[in-house]
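Summary of structural features
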Amino acid sequence: MKKAKQLGYAPLPSNNLRSTSPLPGAMERLPSGGVVLGRRGVSPGGEAAMRRPAVKPSGGKVVAPGQPAPPGRSRDRFISLPDEMQGEQQLGQVPDVSPTIFEDLLEDGAGMRGRITVYCVAESIDRKALELRLRERGGSFLLHQYPDVLYGLYESTKDGEYCRGEVFYFDYGCLALWGLSERQEREVIRALAGPCLVDALPAGEVELDEFQFHYTLSEKPHIQNDTITINYRLRNDHLIKLSISHALAQSAKLSVYEERVMEIVESTKDLPETLAATGEVGLSRKQIARLIGRVFIQKSAVNLLSTVLDTPEFFWSAPDSFQNLYKRVCEYMEYDTRVEVLNSRFQVLQEMLDMLRDHSNNAHTSRLEWIVIWLIVIEVVVGLFECASILGWVGAH
């Protein structure tokens, strides 16, 4: 795979970046309501299509005792895509491209490779406001509406050069952008999606995953090394890209939840050791109740309130080939494994916090028992003095 600099991946100036991790993402709120995004830097010698792992391996971070170890996603795995993506059948709005003996010359031509960037920038997006905003920009900015997602093009002319890319706006705060430059991606999020964000994520929580697409006539459709290979004749079928984007967007949203759980793990990892060493946890009942509330909020957000674990409604009425494509991409992202690990973390955290709550309740009960005992002792002493006074043993003089 080509190096990042050869593909034009240049990091933003340092004053636009706010680093909170080895691969920092940046997002700053503008007075006008928009956002300014800085991309994560690519590590020296890294691939252009780098993304943050499912659960970010902590540089020097210690996982709490009993917690599952963070899984490392293997990017060099080869996942073949459904046979229908070889261009032999129509999957959607496939362009009328007649094969010629010169088509093999297109393999390394302009437009055959490009960026796929997935952002998770908010808890959700105001769909009605975004739809209105896209319609005001023109017809090509909003082409189709699907459950949970809006699809449109982004066109711009800069220095006499015309560029066009595709954008998928997901209701749960994610955007998938195909074929746009870094500058255009910032414009889309700042000018189009930014004013419509609901509960925008802090800079440290913004998730940015980067991939590549590759249109080809000689290779079978597959995913490997964060590069999605698609048959050239299907390059304009936006339903294929929608199926892929659904999986990538859900993965990005899941990464946000994973990071939040890891923060809770980091803040509680010393509690079992402290309890074992000293017999005390140093937390009040109120602090323990707050931790239990934080865990429950994240658990309910993943399993009850969010659509991140559901098969998107689009596939209910779409041909099976699209759902098979979606499942293959989820398989590459190790989606099911990550969900299992996340729920295992929830379970271990819940058990630990229940233990701490029981310990705190027992300590409180013990304190109440000692208070009652001392009150009884005081009452007995006072009673003895009263008896002694009645008998004249004390106070006779």
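Further up the page is the structure itself.
Predicted, not measured: the structure shown is a model, and the values here were computed from it.

Here's the deal with the overall build of the protein chain
Check the secondary structure of the protein chain and you find eight helices and 13 strands. Counting across all 397 residues of the protein chain, residues that qualify as buried make up 47%. Nonlocal contacts in the protein chain, meaning residues at least 24 apart in sequence, comprise 72% of its contacts between residues at least 6 apart. Of the roughly 19800 Å² of accessible surface on the protein chain, a fraction of 54% belongs to carbon and sulfur atoms.

Notes on the nonpolar core
One recurring pattern in soluble globular proteins is that nonpolar side chains are buried together. Among the nonpolar cores identified, the biggest contains 90 residues, and Y169, L175, V188, I244 and L248 are the most heavily contacted of them. Apart from the residues lying within four places of it in its own chain, the contact partners of Y169 are L130, L134, D148, V149, L150, C174, L175, V188 and L192.

Considering the packing of aromatic side chains
How two aromatic rings sit relative to each other is given by the distance of their centres and the angle of their planes. By the definition in use, this model includes nine aromatic pairs. Relative to F213, the ring of W178 has its centre 5.9 Å away and its plane inclined at 25°; by these criteria the two rings are stacked. With W178 in strand 9 (residues 174-178) and F213 in strand 11 (residues 207-216), this residue pair connects regions lying 35 residues apart in the sequence. Here W178 matches F213 in class, with each residue buried. Classification of F213 by relative accessible area gives buried; the value is 6%.

Points about the pairing of strand 11
A large share of strand 11 lies buried, amounting to ten of its ten residues. Residues E207, D209, F211, F213 and Y215 of strand 11 are buried on one face, and the alternating residues L208, E210, Q212, H214 and T216, pointing to the opposite face, are buried as well. For strand 4 (residues 113-120) and strand 11, the ladder comprises eight bridges, and the chain directions are antiparallel. The residue of strand 11 that forms the bridge with V118 is D209.

Description of the pattern of salt bridges
This model, assessed by the stated rule, comprises 13 salt bridges. With a closest N to O distance of 3.2 Å, R338 and E258 form a salt bridge. With R338 in helix 8 (residues 335-390) and E258 in helix 3 (residues 238-268), this residue pair connects regions lying 80 residues apart in the sequence. E258 carries the same exposure label as R338, and that label is buried. When the shortest N-O distance is used, the salt bridge between R357 and D354 registers 3.1 Å. Here the residue R357 and the residue D354 both occupy positions in helix 8, the gap between them amounting to three residues, near one helical turn. Take R357: its relative accessible area is 38%, and that puts it in the partly exposed class. The network of salt bridges with common partners includes E123, E205, K253 and R260.

Regarding helix 1 (residues 127-137)
Those residues of helix 1 that sit buried are L130, E131 and L134. For helix 1, the buried positions fall inside an angular range of 100° around the axis, keeping them on one side. Away from the buried face of helix 1 by more than 90 degrees, exposed residues K128, L132 and E136 are located. The N-cap residue of helix 1 is D126: its side-chain oxygen and the backbone nitrogen of K128 are 3.4 Å apart. Two residues or fewer past helix 1, G138 is found with a positive phi of approximately 135°.

Overview of the pairing of strand 9
Counting buried positions along strand 9 gives five out of five residues, so the element sits mostly inside the fold. Judged by which residues are buried, strand 9 turns out to be covered on both faces: C174, A176 and W178 on one side and L175 and L177 on the other are all buried. One ladder, built from five bridges, connects strand 4 with strand 9; its direction is antiparallel. The residue bridging T117 from the neighbouring strand is L177, located in strand 9.

As for helix 3
Under the 1.5 Å per step criterion, the end-to-end length of helix 3 is 45 Å for 31 residues, consistent within 8% with the ideal 45 Å. Where helix 3 begins, one side-chain oxygen reaches toward the backbone nitrogen of L239, 3.1 Å away; that side chain belongs to D237.

Scoring rules and cut-offs
Residues numbered from 1 in each chain as written. Predicted model: local features only at pLDDT ≥ 70, side-chain atom pairs only at ≥ 80, totals over all residues. Heavy atoms only, no water. Helix = DSSP H or I, 4+ residues; strand = E, 2+ residues; numbered from the N terminus. Buried < 20%, exposed > 50% of the residue type's maximum accessible area, 1.4 Å probe, protein only. Contact = heavy atoms within 4.5 Å. Areas by Shrake-Rupley, 256 points an atom, 1.4 Å probe, with all protein chains shown as cover. Core = buried A, V, L, I, M, F, W, Y, C linked by side-chain atoms within 4.5 Å. Phe/Tyr/Trp six-rings, centres within 6.5 Å; stacked < 30°, edge-to-face > 60°. Pairing = 2+ DSSP bridges. Salt bridge = Lys/Arg side-chain N within 4 Å of Asp/Glu carboxyl O. Arc of directions from axis to C-beta. Polar contact = N/O pair within 3.5 Å; in protein donor to acceptor, adjacent residues only side chain to side chain. Expected span 1.5 Å × (residues − 1).

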